[in-house]
Amino acid sequence: MRLACPCCGERSLDEFTFLGDASVTRPDPSADDAAGAFHAYAYLRRNAAGPSDELWFHNTGCHAWLVVTRDTRTHEILGVRLAQDVALARTGNRKDVRETSA
Amino acid sequence: MPEAMLIETTPFARNKPIAVPGLVVAYRDGVTVASIAAYREKAVALSDLIEATYGVALPAPGRRVSSNAITLQWSGPGQWLAIAERGQRGGAVRDLEAELKPIVAGLAAVVDQSDARGIVAISGTRALNVLAKGVPIDLHERAFATGDVANTHASHIAITIARLDDTPTFELTMYRSYATSFTDWLRSATAEFVHTQPR
Ligand SMILES: [Zn+2]
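Note that this is a predicted model, so its numbers are computed, not measured. (Residues numbered from 1 in each chain as written. Chains lettered and ligands numbered in written order. Predicted model: local features only at pLDDT ≥ 70, side-chain atom pairs only at ≥ 80, totals over all residues. Heavy atoms only, no water.)

A few words on the sheet that holds strand β5 (residues 79–85) of chain B. Residue and element names in this part refer to chain B. Read from one edge to the other, the open sheet built from five strands follows the order β3-β4-β5-β2-β6, with strand pairing classed as antiparallel. Since the sheet does not close on itself, it has two edges, and those belong to β3 (64–66) and β6 (108–112), each with one partner. In this sheet, neighbouring strand axes are inclined to one another by 25° on average, regardless of whether the strands run parallel or antiparallel. Two elements, strand β4 (residues 71–76) and β5, share five bridges in a ladder whose sense is antiparallel. Residue pairing across strands places Gly76 opposite Gln79, the latter belonging to β5. On top of the sheet, helix α1 (residues 43–54) reaches β2 (31–38), β4, β5 and β6; it is set at about 150° to β2, its chief contact. (Pairing = 2+ DSSP bridges. Helix = DSSP H or I, 4+ residues; strand = E, 2+ residues; numbered from the N terminus. Axes fitted to C-alpha atoms, helices over the stretch in contact; angles between N-to-C directions. Contact = heavy atoms within 4.5 Å.)

Our focus in this paragraph is α1 of chain B. Residue and element names in this part refer to chain B. A rise of 1.5 Å per residue sets the reference length of α1, with its twelve residues, at 16 Å; its end C-alpha atoms lie 16 Å apart and thus fit the reference within 8%. Every buried residue of α1 is listed here: Leu46, Ser47, Ile50 and Tyr54. Across the axial projection of α1, the buried residues extend over an arc of 95°, all falling on one side. The exposed residues of α1 that point more than 90 degrees off its buried face are Val44 and Ala52. Considering only its buried residues, α1 is in contact with β2, β4, β5, α2 (96–103) and β6. A positive backbone phi angle near 85° is found at Gly55, which sits one or two residues after α1. (Expected span 1.5 Å × (residues − 1). Buried < 20%, exposed > 50% of the residue type's maximum accessible area, 1.4 Å probe, protein only. Arc of directions from axis to C-beta.)

Right, let's get into the coordination of the zinc ion. All names here are of chain A. At the metal site, the zinc ion is ligated by Cys5 (SG), Cys8 (SG), His58 (ND1) and Cys62 (SG), and these contacts range over 2.0 to 2.5 Å. One can describe the site at the zinc ion as tetrahedral: its four donor atoms subtend angles covering 102 to 120° at the metal. Taken in chain order, the donor set of the zinc ion reads C-x2-C-x49-H-x3-C. In this pair, Cys8 is assigned in the loop between β1 (2–5) and β2 (9–12) and His58 in the loop between β4 (51–57) and β5 (65–71), connecting sequence segments 50 residues apart. We classify Cys8 as buried; its relative accessible area is 15%. You can call His58 buried: its relative accessible area is 0%. (Donors = N, O, S within 2.8 Å, 3.2 Å for Na, K, Ca; no water. Tetrahedral: all angles 85-135°; square planar, octahedral: opposite > 155°, others 65-115°.)

This part covers the interface of chain A and chain B. With 19 residues of chain A in contact, the opposing surface of chain B contributes 18 residues. For the pair chain A and chain B, the summed buried area comes to about 1,500 Å², and 54% of that belongs to carbon and sulfur atoms. Our enumeration of links across chain A and chain B arrives at zero salt bridges. Scanning the region where chain A abuts chain B turns up five residue pairs in polar contact (both at pLDDT 80 or more). (Buried area = accessible area lost by both parts, 1.4 Å probe. Salt bridge = Lys/Arg side-chain N within 4 Å of Asp/Glu carboxyl O. Polar contact = N/O pair within 3.5 Å; in protein donor to acceptor, adjacent residues only side chain to side chain.)

A surface patch of like charges, here negative, comprises Glu8, Asp29, Asp95, Asp112 and Asp115 of chain B. Examined against the element boundaries, Asp115 of chain B turns out to sit in the loop between β6 and β7 (117–123). (Patch = residues over 30% accessible without salt bridge, like charges linked within 9 Å, V, L, I, M, F, W, Y side chains within 5 Å. Areas by Shrake-Rupley, 256 points an atom, 1.4 Å probe, with all protein chains shown as cover. Lys, Arg positive; Asp, Glu negative; His and termini not counted. Charge placed at Lys NZ, Arg CZ, Asp CG, Glu CD.)

Residue and element names in this part refer to chain A. If you walk through the whole model with that rule in mind, you get six aromatic pairs over all chains. On the numbers, 5.9 Å between centres and 85° between planes, the contact of Phe38 with Tyr41 is edge-to-face. Placement of the pair is Phe38 and Tyr41 together in helix α1 (residues 34–43), with a separation of three residues, close to one helical turn. Judged by its relative accessible area of 26%, Tyr41 is partly exposed. A centroid spacing of 4.8 Å and a plane angle of 35° characterise the contact between Phe57 and Trp65, whose relative ring orientation is tilted. Classification of Phe57 by relative accessible area gives partly exposed; the value is 21%. The exposure class of Trp65 is partly exposed, given its relative accessible area of 38%. (Phe/Tyr/Trp six-rings, centres within 6.5 Å; stacked < 30°, edge-to-face > 60°.)

Dropping the structure here:
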């Protein structure tokens, strides 16, 4: 299996490390339903037979976290995006994250 | 009581030279190295400032550029490695971290890596044959041209590799503590070539 890293191009699997499900987001620990939300975040998985979003780390490459869309039935790679871009899109593209310390 | 002393040494100092026909292995010493990481949305301003100072802009992903004063090598998204000879400017000892920090203040984080990296140049007609044994990417010039740079691995040791010319010469940068493991691999990868001439 080969992954097309948006930074480095197509690379073999031995350059990457798999982390897990990329479809879950860390809940707000101060919310009223935090205990239930964290249970779901840590343990409950869809385990889809088909396209799944997964987190991969390009550990001997650019050190970027990637969201890889993989078909779990065929191992076909349907897309690779930078996890940073996925997260920024999800949070409404907050631009103040690092600039406060700059 | 004898006094404890720390003796300065280079990353590859304990490795015996590798003598193989058609291959030149040159350990690069006496360099100052600093990492540059752009703050969010500051990369363009940073690159302009670097270009105004050194005459070369920050290179695109997968590229490396050099001027007389500095080599700039892409090392990841929004990150570069700056490399220069320590004694380059009029004999004065250069320290790239100290030199770059005031220039890029507010635009990027700069951290000294001089003692954190080992750098080796591998060149010659057999360079491709040897590197192909451990480096998984295609290093042929049609895929990896002069000025190209890639983060990958050599026999599972993380390296940044750049093609400097069409001899070909490749410069490999690695974490210093892996220098001996890397040389062990290089020695076994070159063993079959020791007693034969390149065709
Ligand atoms: Zn990458």
